[in-house]
Amino acid sequence: MSSSVFHAYDIRGLAPGELDSAFSARLARAVIREFHPKKVIVGRDMRLTSPDLEAALVTELTSHGVDVVRIGLCSTPLFNVTVGLTNGAVDLGIMVTASHNPGTYNGYKLVKGDMTPIGQGSGMEELESSFGKDEALPASASIGSVTDDPSALSRYVDHIIALAELPADMPTMKVAIDAGNGMAGAVLPELLKRLPWLEAKTLYMEPDGNFPNHEANPLKRETLNDLSRIVTKEGCVVGVAFDGDADRIGFVDEAGVPVPGDLMTALLGTELLSSKPGSLVLYDLRSSWSVPEAIEAAEGKAKMCRVGHAFIKRQMREEGALFAGEVSMHYYFQAINNVESGDLVMLLILKKLTHAAGAFSSLWKPLLTYSHSGEINFEVADKTAAVARVKEAYGSKATGTTDIDGIRMEFRDAAHSENDWWFSLRLSNTEPLIRLNLESRSKELTAKKVAELSGLILRQAQDDNVASI
């Protein structure tokens, strides 16, 4: 996608600034031109600019004869499940949110009535083009209606608890929960009311678009510090942290140690496979080798996928996947139309803990069989040239290559498996960044290979600096 506010997975930008009421109205007209909806569900998060963006969106839609159902403050999972539960009775859903971005941002997530997300390759390019032209719409013969739906939250909670299939005799469990001043704080009170066995130690439950305590992004380890302290202080079995719109969820174990997102994919996938063996589980190409190994050991079929919710949801739909997970802590369920729910993830992990032989750390630490670099970002002016240098250096040596999202190369040594390693390089859609993930069987080999790749990626920048002296 372009470097504008229209991105591969959603629309997102500074608000006020790039996004305002006029932008919302113009977006509504583009939506009408491209998708011709008759009925739309609209929700919003707690950001300070969300009410104005929502109001302008609703006004413009209804002025052109579109009926709107407002569900008000909602998490992304609540929004998605509400659209899905209509079984196609609405044509479109639009949520005003910027997910985990800081409070100075806002945006829009759009989904079709059949739960197909509008993203790159599924309508976002056409929507951006129509937005750019902003051609006049024909006058509407009538004004669309606006209906509020106050029961959406209750229906969502009922649905998620039913899907979790919790045992009737769930033991008392003490759990720390950090809502991050995001939309989880609007959902969790209703959920926790239904779980009398759960003793919740909660943090930052008040939705606040200023995010006064920390960025609502569990992928950043520094945002988990307060949660880790509560877990160890209170003797909790686990700690969970939600992002701003509550579609992502991070975990720390009983010692306050953060659990990598890809290893959570393995834990959740194996839990779901226990009742549906032989099913397909997707994992994103940044994930550890531990993930497909665990899925296959649990009698599942593991398949690598590209990064990004719009792409993953489409692949799940096309291939009938039971579950999918990303390093970024997005987890997708076939049972809820291939969308995410941090709430469902939390319940499944607590369910898994009830029949675990040990503490939470005993579930995830055995999966730490490799040394992973984590995602490393490089600022590079000529990204294409940098990737070309890497391909030239390693292409002939790779034992396996995939280009479904950037490049991923694997290097297996049949005679000396201790030399096995892989890397992936992905290009940012909106910034001059190259993202590197790398894994091997030892910290030493990982450090060595990261240094090699870093030198190749940054070589042109270094050459330019030398030339300018």
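Each remark here, short or long, concerns the structure printed above.
Residues numbered from 1 in each chain as written. Predicted model: local features only at pLDDT ≥ 70, side-chain atom pairs only at ≥ 80, totals over all residues. Heavy atoms only, no water.

A short note on the nonpolar core
Filter applied, for reference: What we call a nonpolar core is a set of buried Ala, Val, Leu, Ile, Met, Phe, Trp, Tyr and Cys residues that are connected through their side-chain atoms within 4.5 Å. Using a 1.4 Å probe on the protein chains alone, a residue whose accessible area is under 20% of its type maximum counts as buried, one over 50% counts as exposed, and one in between counts as partly exposed. Starting at the N terminus, helices and strands are each numbered in turn, a helix being any DSSP run of H or I of at least four residues and a strand any DSSP run of E of at least two.
Residues L188, F251, Y331, F333, M346, L350 and F360 are the most contacted members of the largest nonpolar core, which totals 72 residues. In terms of residues, this core owes the most to one element, helix α11 (residues 342–354), which gives 8 residues. In this structure, A30, V66, I94 and F131 belong to the second largest nonpolar core, which totals 29 residues.

Some points on the sheet that holds strand β4 (residues 92–96)
In plain terms, the rule: Any two strands with at least two DSSP-identified bridges between them are counted as paired. Axis geometry follows a simple rule: fit a line to the C-alpha atoms, using only the stretch in contact for helices, then measure angles between N-to-C directions, giving values from 0 to 180 degrees. Contact criterion: two residues are considered in contact whenever any of their non-hydrogen atoms come within 4.5 Å of each other.
Read across the open sheet, the 6 strands follow the order β1-β5-β4-β2-β3-β6; overall the sheet is mixed. Sheet topology places β1 (11–14) and β6 (146–148) at the edges, where each strand pairs with a single neighbour. The average undirected angle you get between the axes of adjacent strands in this sheet is 20°. Two strands pair when backbone bridges link them, and β4 and strand β5 (residues 105–112) are joined in this way by 5 bridges, in the antiparallel orientation. Opposite V96, over in β5, you have Y108 as the bridge partner. Packed on one face of the sheet, helix α2 (residues 50–63) meets β2 (39–44), β3 (67–73), β4, β5 and β6 and runs near 170° to β2.

Here we look at the environment of G374
Within the secondary structure layout, G374 lies in the loop between β17 (371–372) and β18 (376–379). What G374 contacts, discounting residues up to four positions off in sequence, is L436 and N437.

Description of the packing of aromatic side chains
Condition: A pair of Phe, Tyr and Trp rings is counted when the ring centres sit within 6.5 Å of each other, with Trp represented by its six-membered ring. The angle between the planes then sorts it: under 30 degrees is stacked, over 60 is edge-to-face, the rest tilted.
Tallying each qualifying case throughout the model produces 15 aromatic pairs. With a centroid separation of 5.9 Å and an interplanar angle of 20°, the aromatic rings of F23 and Y108 are classed as stacked. Of this pair, F23 sits in helix α1 (residues 21–35) while Y108 sits in strand β5, and the two are 85 residues apart along the sequence. What makes F23 buried here is its relative accessible area of 8%.

Thoughts on the packing of helix α5 (residues 152–164) against helix α6 (residues 184–193)
What counts here: In this scheme, roughly parallel covers angles under 35 degrees and roughly antiparallel covers those over 145, while 65 to 115 is roughly perpendicular and the rest are oblique. By convention, the crossing between two helices is left-handed when the near helix turns anticlockwise from the far helix through less than a right angle, and right-handed when the turn is clockwise.
Where α5 contacts α6, the two axes come as close as 10 Å, and the packing angle between them is 60°. Considering their axes alone, α5 and α6 lie oblique with respect to each other. When the axes of α5 and α6 are compared, the crossing they make is right-handed. Judged by residue contacts, L153, Y156, V157 and I161 of α5 engage A186, V187, E190 and L191 from α6.

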